[in-house]
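# Close look at the chain arrangement
The residues making up each chain are set out below.
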Amino acid sequence: MDINKQEYKKLVKKTAPPSPVFKNCIFAFLFGGAICTFGQLLFDFYSAVTDYDKDGCYTLVSITIIFITAFLTGIGVFDNIAKHAGAGTLVPVTGFANSVVSPAIDTKAEGLVLGVGAKIFTVSGPVILYGILSGTLYGVILWIVQLI
């Protein structure tokens, strides 16, 4: 059966269930807000029980959230949360931690070097690369503007 792109789009639109965009936005907002609220609670806790300054407490919050996300990904819970939360789990570092741990878990049977080592950054690698490149480009532009 030969079918052109327009006919294929019509077929997909007809057979695919509609995406509940409004519901997805609400869930992403609520779950993302809950993660950020948890981060603020952690910051308040670390500020109260440690002698670290503000930056030190922010670092502890990031480390804690990354650890919790990696742990929940490792035991298979984070993916279930992400099914309901959607984009809300991409809030600060949770999505990044998940994108590093998931490929590592999926490829551990292939070995530490050819499996985990080779595939661990398949999802997060482009984010790191383009984040560094865009930051560098921004820095160069800012430097040139300041020279003028």
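Residues numbered from 1 in each chain as written. Predicted model: local features only at pLDDT ≥ 70, side-chain atom pairs only at ≥ 80, totals over all residues. Heavy atoms only, no water.

## Focus: the environment of D51
Under the convention used in this document: Here a strand is any run of E in DSSP of at least two residues, a helix any run of H or I of at least four, and the numbering for each starts at the N terminus. Residue burial is assigned from relative accessible area. The probe radius is 1.4 Å, only protein chains are included, and a residue is buried under 20% of its type maximum, exposed over 50%, and partly exposed in between.
Looking at where D51 falls in the secondary structure, it is placed in the loop between helix 2 (21-49) and helix 3 (54-74). Of the residues examined, D51 reaches a relative accessible area of 84% and is grouped as exposed. For the pair D51 and Q146, spaced 95 residues apart in sequence, the C-alpha to C-alpha distance is 38 Å.

## Section: helix 3
Worth spelling out the cut-off: Working rule for helices: expected span equals 1.5 Å times residues minus one. Residue contacts follow a heavy-atom distance rule, with two residues in contact if any of their heavy atoms lie within 4.5 Å.
For helix 3, built from 21 residues, the straight-helix expectation of 30 Å at 1.5 Å per residue is met to within 8% by its first-to-last C-alpha distance of 30 Å. Those residues of helix 3 lying buried are G56, C57, V61, T64, I65, T69 and T73. Contact partners of the buried residues in helix 3: helix 2, helix 4 (78-85) and helix 5 (94-106). In the stretch just after helix 3, G76 is the one whose phi turns positive, near 85 degrees.

## Considering the packing of aromatic side chains
What counts is decided by this rule: Stacked, edge-to-face and tilted are the three classes for Phe, Tyr and Trp ring pairs, Trp counted by its six-membered ring, which pair at centre distances within 6.5 Å; planes under 30 degrees apart are stacked, over 60 edge-to-face, the rest tilted. By the criterion adopted, a ring carries a charge over it if an Arg CZ or a Lys NZ lies within 6 Å of its centre and within 35 degrees of its normal.
Inspection of every chain in the model, using the stated rule, returns 4 aromatic pairs. Arranged with centres 6.2 Å apart and planes meeting at 15 degrees, the rings of F67 and F71 form a pair that is stacked. Of the two residues, F67 and F71 both sit in helix 3, 4 residues apart, roughly one turn of that helix. Judged by relative accessible area, F67 falls into the exposed class, the value being 56%. Positioned above the aromatic ring of F27, the side-chain terminus of K23 is 5.6 Å from the ring centre.

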